[in-house]
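# Coordinate inspection notes
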Amino acid sequence: MEGGDGAGKSTQAQRLAAALQETGRTVLRTREPGGTPVGEQLRALVLDHGNGDIDARTEALIFAASRAAHVQQVIEPALANGTVVVCDRYVDSSIAYQGAGRHLGTESVRTLNEWATGGLQPDLTVLLDVDPERGRDRRTAGQATEDRLESEPDTFHQQIRLAFLEAAQAAPDRYLVLDAGRPVDELAGTILHRVEKLLP
Ligand code: TYD
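Residues numbered from 1 in each chain as written. Predicted model: local features only at pLDDT ≥ 70, side-chain atom pairs only at ≥ 80, totals over all residues. Heavy atoms only, no water.

Taking an unreviewed UniProt entry as the reference, the protein chain is identified by name as Thymidylate kinase belonging to Arthrobacter zhaoxinii. Regarding the protein chain, the relevant UniProt record gives this comment under Function (unreviewed entry): "Phosphorylation of dTMP to form dTDP in both de novo and salvage pathways of dTTP synthesis." Looking at the Catalytic activity (unreviewed entry) heading of the UniProt record, one finds this comment for the protein chain: "dTMP + ATP = dTDP + ADP". (UniProt positions renumbered as here; feature names shortened; annotations may be inferred.)

## So, the sheet that holds strand 4 (residues 125-129)
Taken in spatial order, the 3 strands of this open sheet run 1-4-5, and their pairing is parallel. Of all strands in the sheet, those with a lone pairing partner are strand 1 (2-3) and strand 5 (175-179), marking the two edges. Bridge count between strand 4 and strand 5: 5 bridges; the pairing is parallel. Residue Leu128 lies in a different strand from strand 5, and its bridge partner there is Leu178. Here helix 7 (residues 154-170) sits on the sheet in contact with strand 1, strand 4 and strand 5, set at roughly 145 degrees to strand 4. (Pairing = 2+ DSSP bridges. Helix = DSSP H or I, 4+ residues; strand = E, 2+ residues; numbered from the N terminus. Contact = heavy atoms within 4.5 Å. Axes fitted to C-alpha atoms, helices over the stretch in contact; angles between N-to-C directions.)

## What to know about the pattern of salt bridges
Counting across every chain of the model gives 14 salt bridges. In this structure, Glu152 engages Arg102 in a salt bridge whose closest nitrogen and oxygen atoms are separated by 3.0 Å. Linking Glu152 in the loop between helix 6 (132-142) and helix 7 with Arg102 in the loop between helix 4 (91-101) and helix 5 (106-117), this pair joins segments that are 50 residues apart in sequence. Among the residues examined, Glu152 registers a relative accessible area of 22% and is labelled partly exposed. For the salt bridge of Arg136 with Glu146, the shortest nitrogen-to-oxygen distance reads 3.0 Å. Of this pair, Arg136 sits in helix 6 while Glu146 sits in the loop between helix 6 and helix 7, and the two are 10 residues apart along the sequence. With relative accessibility at 18%, the residue Glu146 sits in the buried group. (Salt bridge = Lys/Arg side-chain N within 4 Å of Asp/Glu carboxyl O. Buried < 20%, exposed > 50% of the residue type's maximum accessible area, 1.4 Å probe, protein only.)

## Here we look at the environment of Tyr97
Take Tyr97: it is sitting in helix 4. Classification of Tyr97 by relative accessible area gives buried; the value is 6%. Remark: the alpha-carbon pair of Tyr97 and Asn113, spanning 16 residues in sequence, is separated by 13 Å. A polar side-chain atom of Tyr97 sits 2.7 Å from a polar atom in the side chain of Asp5. (Polar contact = N/O pair within 3.5 Å; in protein donor to acceptor, adjacent residues only side chain to side chain.)

Below, the structure is given as structure tokens:
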């Protein structure tokens, strides 16, 4: 599940996981950065204000380190026993935020992440496309403070939005791109329908 801040990814990840569980499937819902003890510590390190300056390369490596742990310790073992993995953010977030937003270049961030993940790709990426201004309104309504990345200006979030859309355009078969402004139930229904087609 990918998209800008305030797109409603977590709600949709929750809805999808619950709907799949109701049909009797084993589902793991997880998130990045995080998902493992080391990943949760890296999450706090990179998202909290007050850890001093974190330059762009260091930031990209922290997200990649969290992802490497997540893939090896959690995602691959789950997939190996037939569990459906619903993950809130993955490689595309790094390509968009660090590659485009931080200007590290989408290709170098892609290469770094291929190494970190051993090349593991999602069967489907749901991109909840959100206008940055609307995303900001939605997330500030739900929480008191913004993290290090969220508090970047709207121009940063605009670059991220475009990078997500470009990734989707480059591999349309592996993406479901939806307007995050659509009603929650409608989005949940569309996502479930598409995911069910992928499952045996
Ligand atoms: P998220 O968990 O979606 O935030 P929240 O729980 O507050 O909704 O993501 C945290 C932030 O980290 C978000 O602003 C996007 C950023 N991020 C990156 O910059 N690169 C990455 O690779 C990932 C996974 C997240």
